[in-house]
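Spelled out, the chains give:
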Amino acid sequence: MRRLLLLCVLLLAGCTIMPDDPEQMPEGYNDPKEDLVAHLKDNPDDLDSHADLLRMQIKDGDVEGANTTVSHALKHNGGDYRAHLLAAQLHRWQADLISAEKSLLVARDLAPEALEPRVALSSLYNQTYLEAEELTQRRVAVDLAGAEFRSEFVLDYAYAAAALGNDAQAGEFANALLAEDDAPPDRLSRAHVLLCEIALRADRETDAVNQLLEALKHQPDYDGLQQYAARMVTAVSDAKALAPVFDKTLETQDRVELRWAALFGKWMLAVKASDDPLDDEVNNWYRRLDAVSPSHPDTLSRYYQLLKLDPRRDDEAEATLEQLREIEFGEPPAVSSLTSLLRLWRAEDALRLNAPNITLSELTQLEVREPDVEGLRIMRTMALFKARENDKCLENLDNWFEQSEEPDEFLVAMRWWILLRDGRSLEVLAELREREKEPTNASLWIEAVARFHVYRKGGDVPEEG
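Along each chain, numbering runs from 1 in the same order as the chain's sequence is written. This being a predicted model, a pLDDT of at least 70 is required before a residue's local features are given, and a value of 80 or more before pairs of side-chain atoms are given or counted; all residues contribute to the totals for chains, interfaces and linings. Side-chain figures throughout are based on the complete set of non-hydrogen atoms in the structure, without hydrogens or water.

Considerations on the overall build of the protein
What counts, and what does not: Only DSSP runs of H or I reaching four residues or more are called helices, and only runs of E reaching two or more are called strands; each is numbered from the N terminus. In this scheme, a residue with accessible area under 20% of its type's maximum is buried, one over 50% is exposed, and one in between is partly exposed, where area comes from a 1.4 Å probe on protein chains only. We call two residues in contact when some of their heavy atoms are within 4.5 Å. Note on areas: Shrake-Rupley, 1.4 Å probe, and residue coverage restricted to the protein chains presented here. When charges are counted, Lys and Arg are positive and Asp and Glu negative, with His and the chain ends excluded. Taken as the charge location is NZ of Lys, CZ of Arg, CG of Asp or CD of Glu.
When you go through the protein residue by residue, the secondary structure sums to 25 helices and zero strands. Each of the 465 residues in the protein was classed as buried or not, and the buried ones make up 47%. The contacts in the protein between residues at least 6 apart in sequence include a share of 58% that link residues at least 24 apart. Here the protein displays about 23,000 Å² of accessible surface, and carbon together with sulfur accounts for 48% of that area. Each charge class in the protein was averaged separately, 52 positive and 88 negative side chains, and the resulting centres sit 4 Å apart.

In structure tokens form, the structure reads like this:
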């Protein structure tokens, strides 16, 4: 029953299902899957067409058709590793992770010098919290990659190493990429961003800002990087070196995303530099932000927090809160001083920039100075999770659950992910079986991952409940 529920959840998630009754089809409709089926009858060795057909069948939720396509591909191309990659794709769609890995291992053994099986294995291990195994496959991919793709796989390995908490190795690979003469600009930019994050985590703020400036030289028009720079303003003590970047963007760019990020950065710089964060000069940046993207939750929420610092502006604060309610955004936490607010913003933005150690440090101060502020506990939990402080995060979660009549499903799932990361898959399965609630999408996937972990340890995989 649990397996059927899992399959139903996966089929319903984002699938476009065509009507079964031919009379319901639009007039003149020609199903491209039928053309591919006809083509494959005469060309059973065309694995590209098998892949196209399987992709359509998965999109349409056609379980029977997808199984038939993979069986046909394996029957006629069993010695080709690509057929086993298709089988793995089918098994992952059905959350049969054990079969997915078996298919990928066959593909790897059939083509030990091919990149695709290694990439697929690393992706599978990434999704299932087998982080060391993911790193191993990414390292092999670096060795197998040709000159054209090497920078991409070096960067993937560097980020995976950083995710495991190995910043030294991540930095080594990022710097190796920067030493390559022909690496594409976007790869170079991402390498500098990774070095920026590593510097932030090591409390080397000046180095972090300089790495970000180098990243921006390679991708000055990338809105995601501009937004990253805007968040950096509050994450470090001195971000004035970023001001020229925002100025140049406002002078030369007309894209909304770029202008919003630059204006946000200028607003944060102005707030930090002013004795009165609600004076006309500072407020001008907020007005320009709101003109570019009206009622944006990030700007509205921070403006509300600034207004709450001044009791004389309670009416304006209430009007701003009403705007937030209209867009179904919760009430932002209010603090008693600008110093505390800047600490709160730094904690939030450091977490976005993958520097949870900064977040934890700021929260320690805030919890003393602003003990009644809501939201600090969830932020600490997320920071502990990202910092890989598993024991402290579990303790925090368990204490929270003891005080809650109905634990939040997101936090329950986080606890299970930590247990899986710690190799405690049998505990996860036991807790899942004791639950009285109906399975959710998250709990069904976590159960599949836990069963996969038990199998890989050589244990007996419990029967599905």
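Quick look at the packing of aromatic side chains
The line we're drawing: Each Phe, Tyr or Trp ring (for Trp, its six-membered ring) is paired with any other whose centre lies within 6.5 Å, and the angle between the two planes then decides the class: stacked below 30 degrees, edge-to-face above 60, tilted in between. Placement of a charge over a ring requires the Lys NZ or Arg CZ to be within 6 Å of the ring centre, with the centre-to-atom vector within 35 degrees of the ring normal.
Under the criterion given, the structure shown has six aromatic pairs. Centre to centre, the rings of Trp-267 and Tyr-286 are 5.5 Å apart; their planes meet at 40 degrees, and the pair counts as tilted. Pair noted here: Trp-267 is in helix H15 (residues 256-273) and Tyr-286 is in helix H16 (residues 280-292), with a separation of 19 residues, a long-range link. A residue is classified by how much of its surface remains accessible, and Trp-267, at 1% relative accessible area, is buried. When its relative accessible area of 2% is taken as the criterion, Tyr-286 is described as buried. Aromatic pair Tyr-286 and Tyr-303: ring centres 3.9 Å apart, planes at 10 degrees, arrangement stacked. Taken together, the residues span a long stretch of sequence, with Tyr-286 in helix H16 and Tyr-303 in helix H17 (residues 297-307) at a distance of 17 residues. Across this residue pair, the class does not change: Tyr-286 and Tyr-303 are buried. An aromatic cluster is defined as three or more aromatic residues linked by ring pairs; in this entry it consists of Trp-260, Phe-264, Trp-267, Tyr-286 and Tyr-303. Over the ring of Tyr-157 we find Arg-139, and its NZ or CZ is 6.0 Å from the ring centre. Positioned over the ring face of Tyr-159 is Arg-190, at 4.7 Å from the centre of the ring.

Side note on the nonpolar core
Let me state the cut-off plainly: Here the nonpolar core consists of buried residues drawn from Ala, Val, Leu, Ile, Met, Phe, Trp, Tyr and Cys, with membership extended through side-chain atoms lying within 4.5 Å.
Counting residues in hydrophobic clusters, the biggest one holds 104 residues, and the most contacted among them are Leu-212, Met-232 and Trp-267. It is H15 that provides the largest number of residues to this core, a total of ten residues. Setting aside residues up to four positions removed in sequence, Met-232 forms contacts with Cys-196, Leu-200, Ala-208, Leu-212, Ala-239, Leu-242 and Leu-353. Core analysis: the second largest hydrophobic core is formed by 23 residues, Val-154, Ala-160, Ala-161 and Leu-177 among them.

Quick look at helix H7 (residues 115-127)
As a reminder of what qualifies: In this scheme, a helix's expected span is set at 1.5 Å multiplied by one less than its residue total.
Between the first and last C-alpha of H7 there are 19 Å, a value that for 13 residues agrees with the 18 Å anticipated at 1.5 Å per step. Of the surrounding secondary structure, the elements contacted by the buried residues of H7 are helix H5 (81-93), helix H6 (97-110), helix H8 (131-144), helix H9 (150-163) and helix H25 (441-456). One or two positions beyond H7, positive phi appears at Tyr-129, with a value near 60 degrees.

Focus: the side chain of Ser-425
Along the polypeptide, Ser-425 turns up in helix H24 (residues 425-434). Given a relative accessible area of 1%, Ser-425 falls into the buried group.

Some remarks on the packing of H15 against helix H19 (residues 338-352)
For clarity, the cut-off: In this analysis an axis means a line fitted to C-alpha atoms, helices contributing only their contacting stretch, and an angle means the value between N-to-C directions, from 0 to 180 degrees. Helix crossings are classified by the rotation of the near helix relative to the far one: an anticlockwise turn of less than a right angle makes the crossing left-handed, while a clockwise turn makes it right-handed. Gly falls in the polar group here, along with every residue not listed as nonpolar (Ala, Val, Leu, Ile, Met, Phe, Trp, Tyr, Cys, Pro) or charged (Asp, Glu, Lys, Arg).
Between H15 and H19, the shortest axis-to-axis distance is 11 Å and the interhelical angle comes to 145 degrees. For H15 against H19, the interelement crossing comes out left-handed. Along its contact with H15, which presents Met-268, Val-271 and Lys-272, the element H19 presents Leu-338, Leu-342 and Trp-345. Its residues placed into classes, the contact of H15 with H19 shows five nonpolar, no polar and one charged.

What about the confidence of the model for the protein?
Operational definition: Across the chain, each position has a pLDDT score giving the predictor's confidence in that residue, from 0 to 100.
Per-residue pLDDT for the protein has a mean of 90; in total, 92% of the residues score no lower than 70. Every residue in residues 1-23 scores below 50 in pLDDT, and together they form 38 contacts with partners more than four places removed in sequence or on other chains.

Describing the packing of H6 against H25
What counts, and what does not: Oblique is the label for any angle not covered by the other classes, which are roughly parallel (under 35 degrees), roughly antiparallel (over 145) and roughly perpendicular (65 to 115).
Contact geometry of H6 with H25 gives a least axis separation of 8 Å together with a crossing angle of 55 degrees. Classified by the interaxial angle, the pair formed by H6 and H25 is oblique. Seen from H6, the contacting residues are Leu-97, Ile-98, Glu-101 and Lys-102; seen from H25, they are Trp-445, Ala-448, Val-449, Arg-451, Phe-452, Tyr-455 and Arg-456. Across the contact of H6 with H25, the residue classes break down as seven nonpolar, no polar and four charged.

Examining unusual backbone geometry
The phi dihedral of Ala-95 is positive, around 60 degrees, even though this residue is not glycine. Looking at the secondary structure, you find Ala-95 in the loop between H5 and H6. Since its relative accessible area comes to 8%, Ala-95 is described here as buried. A positive phi angle, near 60 degrees, is found at Glu-328, a position not held by glycine.

As for helix H13 (residues 223-235)
For H13, with 13 residues, the first-to-last C-alpha span of 19 Å sits near the 18 Å given by 1.5 Å per residue. Of all 13 residues in H13, ten are buried, a share of seventy percent or more. For H13, the complete set of buried residues consists of Leu-225, Gln-226, Tyr-228, Ala-229, Ala-230, Arg-231, Met-232, Val-233, Thr-234 and Ala-235.

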